[in-house]
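Here's the letter readout for the chains.
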Amino acid sequence: MARPFRSTLLAAAALAAALPLSAQEPWDACFRLGVLRASGLRDDRLSQDTGGVLAAAGAYPVTRRGWACFEVGYRRLMDLSMTPATGTRTLDRLDGYFVGAGYRHALPVEGVYAQAGLRLAAHRAFHRDILVGAGSGGSDQWNDTRGAQKLSLEPVVSLGARFSTRNSVELAIGRASFEDAFGVARGNLLVELSLAVHL
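Computed from a prediction, not measured in an experiment: that's the story for all the values here.

Asks: So what exactly am I meant to see when it comes to the overall build of the chain here?
Replies: Along the chain, the regular secondary structure elements total one helix and nine strands. Ordered by position from N to C terminus, the α and β elements of the chain give α-β-β-β-β-β-β-β-β-β. Counting the 199 residues in the chain, one finds 40% classified as buried. Within the chain, residue pairs in contact and separated by at least 24 positions form 59% of the contacts whose partners lie at least 6 positions apart. Here the chain displays about 10500 Å² of accessible surface, and carbon together with sulfur accounts for 61% of that area.

The following block contains the structure:
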């Protein structure tokens, strides 16, 4: 992992660990669990197009209707496919971490907000060709290829709604740059729907 990102990630992890201690006014701290949809990952042989995301986030009021927001999270997408003609299975996985900061603004509808910011993300792709029955005694053989870690800066906009004191939902749309296991860079649109539990 690149040293600048490692330092940033460690600082963000410390923030996430401190969230339970900061779960009081004026901080708004939460954990988010969501479903991630990324365009074209299967076509680019990176993974399936749908995966999961887990994040810790905090917001601090800076104006009467605005908050500074911070987050740290993890993503994973995986795909297992098979070529019937050869009996070869293919496993593609893409996972990584991100840290983010942005601004949240309360909209006129109570509990609804809009948010915009940037995420610094680090992802690594993994590719495995599984040769079914090609080994001795009919066992499987496989060849693994691991990609380099890819750093990217992702713009993201979100729309969220707080429907209780403990829960909210958020829809986020962003643009990410990934790199497959063979070093080919890709640009992909990300859509994330998550449920947050506030502390």
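Asks: I would appreciate a short explanation of the packing of aromatic side chains in the present structure.
Replies: The way to describe two aromatic rings as a pair is by their centre distance and the angle between their planes. By the definition in use, this model includes three aromatic pairs. Ring plane angle 50° and centroid distance 5.0 Å describe the contact between Tyr74 and Tyr97, whose orientation is recorded as tilted. Here Tyr97 lies in strand E4 (residues 88–106) and Tyr74 lies in strand E3 (residues 66–83), a separation of 23 residues in the sequence. The exposure class of Tyr97 is partly exposed, given its relative accessible area of 38%. Ring pairing ties together the aromatic residues Trp27, Tyr60 and Phe70, which thus form one cluster.

Asks: How should the environment of Gly102 be read in this particular structure?
Replies: In this fold, Gly102 is placed in strand E4. Sequence separation between Gly102 and Ala116 is 14 residues; the distance between their C-alpha atoms is 5.5 Å. The contacts of Gly102, once residues within four sequence positions are left out, are Trp67, Ala68, Cys69, Ala116 and Gly117.

Asks: Where do I start with the confidence of the model for the chain in this structure?
Replies: It should be kept in mind that the predicted coordinates are not to be read in detail where pLDDT is low. Per-residue pLDDT for the chain has a mean of 83; in total, 78% of the residues score no lower than 70. Here helix H1 (residues 3–22) stands out as the least confident element of the chain, with mean pLDDT 51; strand E7 (residues 150–162) is the most confident, with 95.

Asks: Quick question: what am I supposed to make of the nonpolar core here?
Replies: Taken as a class, soluble globular proteins show a tendency for nonpolar side chains to be buried jointly. Leu36, Ala38, Leu77, Leu94, Ala125, Ala176, Phe178, Ala181 and Leu190 form the largest nonpolar core, which has nine residues in total. Elements with a contribution of two residues or more to this core: strand E1 (28–38) and strand E8 (167–179).

Asks: What am I meant to see in a nonpolar patch on the surface here?
Replies: Among the surface-exposed residues, Val157, Leu171, Ile173, Leu189 and Leu193 lie close enough to one another that they form a single nonpolar patch of about 420 Å² accessible area. Looking at the nonpolar patch, the elements with two or more residues in it are E8 and strand E9 (185–198). The topology assignment puts Ile173 in strand E8.

Asks: Please clarify how the pairing of strand E5 (residues 112–131) should be interpreted in this entry.
Replies: A regular strand carries its side chains on alternate faces of the sheet. Relative to E5, E4 is paired through 19 bridges, and the arrangement is antiparallel. Bridge pairing in E5 places Gly100 opposite Arg119. Hairpin connection from E4 to E5: five residues lie between these consecutive antiparallel strands, with Gly111 at a positive phi of about 85°. Here E5 pairs with E7 via 12 bridges, running antiparallel. When the sheet's bridge partners are listed, Ala121 is paired in E7 with Ser152. Looking at chain direction, E5 and strand E6 (residues 141–146) are connected through six bridges and run antiparallel. In the strand pairing of E6, His127 is matched with Thr145.

Asks: Explanation requested: the pattern of salt bridges in the structure shown.
Replies: Two side chains that carry opposite charge are able to pair once their charged atoms sit near each other. The full count for this structure, using the stated rule, is nine salt bridges. In this structure, the salt-bridge partner of Glu192 is Arg32, at a minimum N-O distance of 3.5 Å. Taken together, the residues Glu192 in strand E9 and Arg32 in strand E1 connect sequence positions 160 residues apart. What makes Glu192 buried here is its relative accessible area of 3%.

Asks: How do you make sense of the environment of Ala114 when you look at a structure like this?
Replies: Mapping Ala114 onto the fold places it in strand E5. Along the backbone, Ala114 and Gly66 are 48 residues apart, and their C-alpha atoms lie at a distance of 9.7 Å. Excluding residues that lie within four positions of it along the chain, Ala114 makes contacts with Tyr103, Arg104, His105, Leu107, Ser158 and Leu159.

Each value, and the rule that gives it
Residues numbered from 1 in each chain as written. Predicted model: local features only at pLDDT ≥ 70, side-chain atom pairs only at ≥ 80, totals over all residues. Heavy atoms only, no water. Helix = DSSP H or I, 4+ residues; strand = E, 2+ residues; numbered from the N terminus. Buried < 20%, exposed > 50% of the residue type's maximum accessible area, 1.4 Å probe, protein only. Contact = heavy atoms within 4.5 Å. Areas by Shrake-Rupley, 256 points an atom, 1.4 Å probe, with all protein chains shown as cover. Phe/Tyr/Trp six-rings, centres within 6.5 Å; stacked < 30°, edge-to-face > 60°. pLDDT = per-residue confidence, 0-100. Core = buried A, V, L, I, M, F, W, Y, C linked by side-chain atoms within 4.5 Å. Patch = residues over 30% accessible without salt bridge, like charges linked within 9 Å, V, L, I, M, F, W, Y side chains within 5 Å. Salt bridge = Lys/Arg side-chain N within 4 Å of Asp/Glu carboxyl O. Pairing = 2+ DSSP bridges.

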